[in-house]
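Close look at the chain arrangement
Next come the chains, spelled out residue by residue.
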Amino acid sequence: MSSMIELINELWFLKRDIVSDDFDRALYRLAEEVPMTIHEYPTGEPCWTWRVPEKWSCSEAYLETLDGRRLLDYRKHPLHAVSYSLPFEGVVSRDELLRHLHIHPRLPQAIPFVFKYYERDWGLCASQELRDSLVEPAYRAVIRTRFEPGTLKVGEVVIPGRSQDCFVLAAHLCHPAMVNDDLTGVVVGLEVARLLLAGPRREYTYRLLILPETIGSVAYLSHNEALIPSMHGGLFLEMLGNDAPHALQGSFQPDCQVDRCFTASFKSLDPLGYRGAYRTIIDNDERQFNAPGVRVPMLSLSRVEAPKSSGKPPYPEYHSSLDTPAIVSAERLEASSRVVLSLLDAWERNQYAVNHFKGEVFCSGYGIWIDYRLNPEGHRRLFDIMERCDGERTIADIAVELDVSFQSVWDVVSLLEAKGLAWFSREPHSTDPHR
Ligand SMILES: [Zn+2]
């Protein structure tokens, strides 16, 4: 079994374009680590309003001076060709070339990641330093690419639970020769899946999906519509290796149980972490799950340094050739997988707290009295929580209502349970005689 970092080192430089041989190579390699089903959707296959694109491959791409001096070469770095670039071969004027030669908006030394999956054109990518050095009137550009029928692939790891009700973890694998976005989410998801498979059976069934961004989610969801009603929540994973605290982005349904549960647990899992509403931190596959007709509340976990709303990049090396193994660490990947597991742990424990008692509990009689003179906050919290154990509120509901951690509510309700004063229910169980 390979560690997360070993997998990154092995797979990061593959040309993992959305439908490509290297995407398949990476996915089949990951399938050696855990039992994985690989779903295939052929080119042209309708997926709701989308269609699966062709398989794309690039055998050669370079830029030369007219006297044959090579300025950039796809063989040295796969980001030199625009992903899904049309083929091209010819002598072009400098002006014409500059219209097709992309640079990174912020990093003068980096090659940018540019993709044109659907609005196609030919294009090369270079550092700004290289582009600035182009002073001759004409150059020769060569891009040998092929579009052919293939199959888009989605890897699915199922961890069966006692119930068919499921929780979805998702990560995309389609960013060629980059690491933090997106391999880190994939390996953290895989590590979590390995640990779930090795641990005791859970209540929920978990599904880890490894896919090409957007089209992979649409392909999977449109071909598994019958499963959608059983999906009660989800978490999208990416950008988990850079040196920054965690960022938790809510789903489209901020009042749903998974949002409440993760919100109430997250604070204590990464004290420096921050939260943001749906589509304010980073956009990814969670959009397909949250969308109309699907409405699976899917949050996302990342280490985005500056949320989308700030107008800054999620991290400095984003979508560039500087997104290499050098910017991620094994410790951070391990810390992120612990955060994911703890969130899922809370999710498993998030049940309705049902009172066996009526009226206020005779605390001293049950040995759970907290002296308000010695511990006024603890005293208050005990009563605040007990007051809300009514079979209508989950642990997460109570935590959000009181703005306290999931764990602190869990501790109190577990204590009540141990004293025979309360019980946990997966379904609401109101004890209000008026209902
Ligand atoms: Zn990306």
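As shown above, the structure is provided for reference.
First, a word on what this report is: a plain description of the structure on this page. For every chain, the first residue of the written sequence is number 1, and numbering continues from 1 onward in sequence order. The model is predicted, so local features are restricted to residues of pLDDT at least 70 and side-chain atom pairs to those at 80 or more, both for listing and for counting; the totals for chains, interfaces and linings are taken over all residues. Only hydrogens and water are removed before side-chain values are computed, so all heavy atoms of the structure are retained for them.

Right, let's talk about the packing of aromatic side chains for a bit. Side-chain rings of Phe, Tyr and Trp, where Trp is taken by its six-membered ring, are said to pair if the distance between their centres is within 6.5 Å; with planes under 30 degrees apart they count as stacked, over 60 as edge-to-face, and otherwise as tilted. Going through the model one piece at a time under the given rule, you end up with 17 aromatic pairs. Summarising the aromatic geometry, the rings of Y84 and Y117 are spaced 5.5 Å apart at their centres and angled 90 degrees between planes, so their arrangement reads as edge-to-face. Highlighted residues: Y84 in the loop between β5 (70-73) and β6 (88-93) and Y117 in the loop between β7 (101-102) and β8 (124-125), separated in sequence by 33 residues. The buried label applies to any residue whose accessible area, calculated with a 1.4 Å probe on protein chains only, is under 20% of its type's maximum; exposed applies above 50%, and partly exposed to all values in between. Look at Y84 and you get buried, because its relative accessible area is 0%. Here Y117 falls in the buried class, since its relative accessible area comes to 12%. Counting from the N terminus, the helices are DSSP H or I runs at least four residues long and the strands are E runs at least two residues long.

The next thing to look at is the nonpolar core. As a rule of thumb, nonpolar side chains are buried together in soluble globular proteins. If you look at the biggest cluster of nonpolar residues, it comprises 138 residues, and the most contacted ones within it are L235 and F262. Should any heavy atoms of two residues lie within 4.5 Å, those residues are counted as being in contact. Once residues within four sequence positions are removed from consideration, F262 is found in contact with F167, L235, L248, L299, L343, L344 and W347. Nonpolar core, defined: a set of buried Ala, Val, Leu, Ile, Met, Phe, Trp, Tyr and Cys residues in which side-chain atoms within 4.5 Å join the residues together.

So, about the environment of E96. One can find E96 in helix α3 (residues 94-100). Taking the C-alpha atoms as reference, E96 lies 8.8 Å from A138; in sequence the two are 42 residues apart.

Next up on the list: the coordination of the zinc ion. By definition of the ideal shapes, four donors in a tetrahedron about a metal sit 109.5 degrees apart, and six donors in an octahedron sit 90 or 180 degrees apart. Note: metal donors comprise N, O and S atoms at 2.8 Å or less from the metal (3.2 Å for Na, K and Ca); water molecules are not included, so apparent gaps in a site are possible. The coordination sphere of the zinc ion, as far as protein atoms go, consists of H175 (NE2), D181 (OD) and H319 (NE2), spread over 2.1 Å. For the zinc ion, the single-chain donor residues occur in sequence as H-x5-D-x137-H. With H175 in the loop between β11 (166-172) and α5 (183-198) and H319 in the loop between β16 (298-302) and α9 (330-349), the pair connects residues that are 144 residues apart, well separated along the chain. For the pair shown, H175 and H319 are each scored as buried.

Strand pairing within a sheet occurs via backbone hydrogen bonds; the two strands may be parallel or antiparallel. Strands were regarded as paired on the criterion that DSSP finds at least two bridges between them. Strands sit in the order β5-β4-β9-β6 across an open sheet of 4 strands; the sheet is antiparallel. Lying at the two open borders of the sheet, with one neighbouring strand each, are β5 and β6. When the angles between neighbouring strand axes are averaged without regard to direction, this sheet yields 15 degrees. Where β6 and strand β9 (residues 138-148) come together, 6 bridges link them in antiparallel fashion. Simply put, an axis is a line fit to the C-alpha atoms, just over the touching stretch for a helix, and the angle between two N-to-C directions goes from 0 to 180 degrees.

Below, the discussion takes up the state of the cysteines. Disulfide: a pair of cysteine sulfur atoms within 2.5 Å of each other. A full pass over the atoms with the stated rule returns 0 disulfides. Left unpaired, C58 is separated from the closest cysteine sulfur, that of C125, by 11 Å. Between C363, a free cysteine, and C389, which holds the nearest cysteine sulfur, the sulfur-to-sulfur gap is 11 Å.

Attention now moves to the side chain of T394. Considering the arrangement of structural elements, one finds T394 in the loop between α11 (376-387) and α12 (395-402). Exposure remark for T394: the relative accessible area of 2% places this residue in the buried category. Looking at T394, its side chain comes within polar contact range of the side chain of Q257, at 2.8 Å. In the analysis that follows, any N or O atom pair within 3.5 Å is treated as a polar contact, provided that within protein one partner can donate a hydrogen and the other can accept it, and provided that, for residues neighboring in sequence, both atoms belong to side chains. For T394, the side chain forms a polar contact with the side chain of N350, separated by 3.4 Å. Sequence-distant contacts of T394, that is, excluding residues within four places in its chain, are made with Q257, N350, Q351 and Y352.

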